[in-house]
Amino acid sequence: MSKNCDINSYRKAIYSGTFDPITNGHLDIIKRAANIFDEVIIAVAKSELKKPMFNHDQRVAFAQAAVEEIEGVSVLGFDTLLVDLATELKVNTIIRGLRAVSDFEFELQMGYANSSINKKIETLYLMPTLQNAFVSSTIVREIIRFNGKFEHLVPEKVVKCMQL
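Cut-offs and rules
- Residues numbered from 1 in each chain as written.
- Predicted model: local features only at pLDDT ≥ 70, side-chain atom pairs only at ≥ 80, totals over all residues.
- Heavy atoms only, no water.
- Buried < 20%, exposed > 50% of the residue type's maximum accessible area, 1.4 Å probe, protein only.
- Helix = DSSP H or I, 4+ residues; strand = E, 2+ residues; numbered from the N terminus.
- Arc of directions from axis to C-beta.
- Contact = heavy atoms within 4.5 Å.
- Phe/Tyr/Trp six-rings, centres within 6.5 Å; stacked < 30°, edge-to-face > 60°.
- Pairing = 2+ DSSP bridges.
- Axes fitted to C-alpha atoms, helices over the stretch in contact; angles between N-to-C directions.
- Right-handed = clockwise from strand over helix to strand, strands pointing away.
- Expected span 1.5 Å × (residues − 1).
- Salt bridge = Lys/Arg side-chain N within 4 Å of Asp/Glu carboxyl O.

Trainee: What is the right way to look at helix H5 (residues 137-145) in this model?
Mentor: Residue pairs spaced three or four apart in an α-helix point in one direction, given the helix's 3.6 residues per turn. Among the residues of H5, those classed as buried are Ser-137, Val-140, Arg-141 and Ile-144. The buried side chains of H5 occupy one side of the element, clustering within an arc of 100 degrees when seen end-on. Along its buried surface, H5 packs onto helix H1 (24-36) and helix H6 (156-163). Phi for Asn-147, located one or two positions after H5, is positive at around 55 degrees.

Trainee: Is there a simple way to think about the environment of Leu-81 in this case?
Mentor: With respect to the secondary-structure elements, Leu-81 resides in the loop between strand E3 (73-78) and helix H3 (82-89). Spatially, the C-alpha atom of Leu-81 lies 27 Å from that of Val-154, the residues being 73 residues apart in sequence.

Trainee: What exactly am I supposed to notice about the packing of aromatic side chains here?
Mentor: Each aromatic ring pair is summarised here by two numbers: the centre-to-centre distance and the angle between the ring planes. Using the criterion set out here, one finds 2 aromatic pairs in the structure. On the numbers, 5.4 Å between centres and 75 degrees between planes, the contact of Tyr-15 with Phe-19 is edge-to-face. With respect to class, Tyr-15 is no different from Phe-19; both count as buried.

Trainee: Sorry if this is basic, but what is going on with the sheet that holds strand E1 (residues 12-17) here?
Mentor: Hydrogen bonding along the main chain pairs the strands of a sheet, whether they run parallel or antiparallel. Taking strand neighbours across the sheet as the criterion, the 5 strands line up as E3-E2-E1-E4-E5 in an open arrangement whose pairing is parallel. The open sheet has two edge strands with one neighbour each: E3 and strand E5 (122-126). Across the sheet, the axes of successive neighbouring strands diverge by a mean angle of 30 degrees, strand direction being ignored. On top of the sheet, H3 reaches E1, strand E2 (39-45), E3 and strand E4 (93-97); it is set at about 155 degrees to E1, its chief contact.

Trainee: Help me understand the pairing of E2, please; the structure alone is not making it clear to me.
Mentor: In regular strands, side chains alternate between the two faces of the sheet. Counting buried positions over the 7 residues of E2 gives 7, a clear majority of the element. The alternating pattern of E2 places Glu-39, Ile-41, Ala-43 and Ala-45 on one face and Val-40, Ile-42 and Val-44 on the opposite face, and all of these are buried. The pairing of E1 with E2 spans 6 bridges and is parallel. When the sheet's bridge partners are listed, Ile-14 is paired in E2 with Ile-41. Regarding the hand of the β-α-β motif, the stretch spanning E1, H1 and E2 is right-handed. Handedness of the crossover joining E2 and E3 through helix H2 (residues 56-67): right-handed.

Trainee: Where do I start with H2 in this structure?
Mentor: Taking 1.5 Å of rise per residue, the 12 residues of H2 would be expected to cover 16 Å, and the 17 Å separating its terminal C-alpha atoms lies within 8% of that figure. Listing the buried residues of H2 in full gives His-56, Arg-59, Val-60, Phe-62, Ala-63, Ala-65, Ala-66 and Val-67.

Trainee: Help me understand the pattern of salt bridges, please; the structure alone is not making it clear to me.
Mentor: Two side chains carrying opposite charge are able to pair once their charged atoms lie near each other. A complete count under the given rule lists 10 salt bridges for this structure. One salt bridge connects Arg-32 with Asp-28, and the closest N-O pair in it is separated by 2.9 Å. Taken together, the positions of Arg-32 and Asp-28, both in helix H1 and 4 residues apart, correspond to about one turn of that helix. Exposure remark for Arg-32: the relative accessible area of 32% places this residue in the partly exposed category. What makes Asp-28 buried here is its relative accessible area of 10%. A salt bridge links Glu-142 to Arg-145, with the shortest nitrogen-to-oxygen separation between them at 3.7 Å.

Below you can see the structure in the form of structure tokens.
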């Protein structure tokens, strides 16, 4: 059921990424987006060029487990341009997370590139809470590689999925 009954004001957005793995920082952004939009689609990119630690099916499953209790949030995998997926799903808003100034330049370039392909696309940048500002998939992967303690950086349900 939509948070807003007026079908003309129904708002949906896509939050895309490799999510290798999905972290508490990602979940923070997802919850914020779910408070703004009626529907948030978590789009897990295949991204084979990035050589992810976890395969695409695992990353989709991790994301599904992380968001299963958040109303209005769904997960799908994709292997196309994000703007093509957005067009196919009739979504005009892309959510991106910004942790630090170092994220800004890359995210701004991607937002402009997406807009140059589809002028209807808007990019909304959200910041995680301070406690999640340092959390990144890269940090989590590095900790996992060295058998370090990472469980406090990813959603509990994802930790359980990793142990199966």
